[in-house]
Amino acid sequence: MALERHTGASPETWPKYSSLEFARSLKMVHDLALYHSDVPFDTAEKSAHFDVKVLWEGFEKMGARV
């Protein structure tokens, strides 16, 4: 695995994160890009932002079931 080669850490030693933590992080990245950027969005960027939103909502649903 590439990360293991670069860090020397195996996946077993990586920190464990909850799906709600992933959801919060994805939402923060989405909001920063959307609300704190002067870059205009075209179709590809809008689609990518929607994909990130769908992903964080999925992580939230996974966290709600735990």
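Right above here is the structure, for reference.
Everything numeric in this text was worked out from a predicted model, so none of it was measured.

The rules behind each value
Residues numbered from 1 in each chain as written. Predicted model: local features only at pLDDT ≥ 70, side-chain atom pairs only at ≥ 80, totals over all residues. Heavy atoms only, no water. Salt bridge = Lys/Arg side-chain N within 4 Å of Asp/Glu carboxyl O. Helix = DSSP H or I, 4+ residues; strand = E, 2+ residues; numbered from the N terminus. Buried < 20%, exposed > 50% of the residue type's maximum accessible area, 1.4 Å probe, protein only. Contact = heavy atoms within 4.5 Å. Expected span 1.5 Å × (residues − 1). Arc of directions from axis to C-beta.

Participant: Hey, could you run me through the pattern of salt bridges in this one?
Facilitator: Where charged atoms of side chains with opposite charge meet at close range, the side chains can pair. One pass over the structure, following the stated rule, counts 1 salt bridge. Note that E57 is salt-bridged to K53, the shortest N-O span being 2.6 Å. Of the two residues, E57 and K53 are both situated in helix 3 (residues 43–65); the distance of 4 residues between them amounts to about one turn of the helix. Relative accessible area serves as the criterion here: at 32%, K53 is assigned to the partly exposed category.

Participant: Would you mind showing me how to read the side chain of H49 here?
Facilitator: With respect to the helices, strands and loops of the structure, H49 is situated in helix 3. Judged by its relative accessible area of 16%, H49 falls in the buried class. The contacts of H49, once residues within four sequence positions are left out, are H30, A33, L34 and F41.

Participant: Sorry, what's going on with helix 2 (residues 19–35) here?
Facilitator: Three or four residues apart is the spacing at which side chains of an α-helix point the same way, because the helix has 3.6 residues per turn. The end-to-end C-alpha separation of helix 2 is 24 Å, in line with the 24 Å expected for 17 residues at 1.5 Å each. Among all positions in helix 2, only S19, A23 and H30 are buried. The buried residues of helix 2 occupy one face: seen down the axis, they fall within an arc of 40°. Of the exposed residues in helix 2, those oriented more than 90 degrees away from the buried face are R24 and V29. Among the structural elements, helix 3 are those in contact with the buried residues of helix 2.

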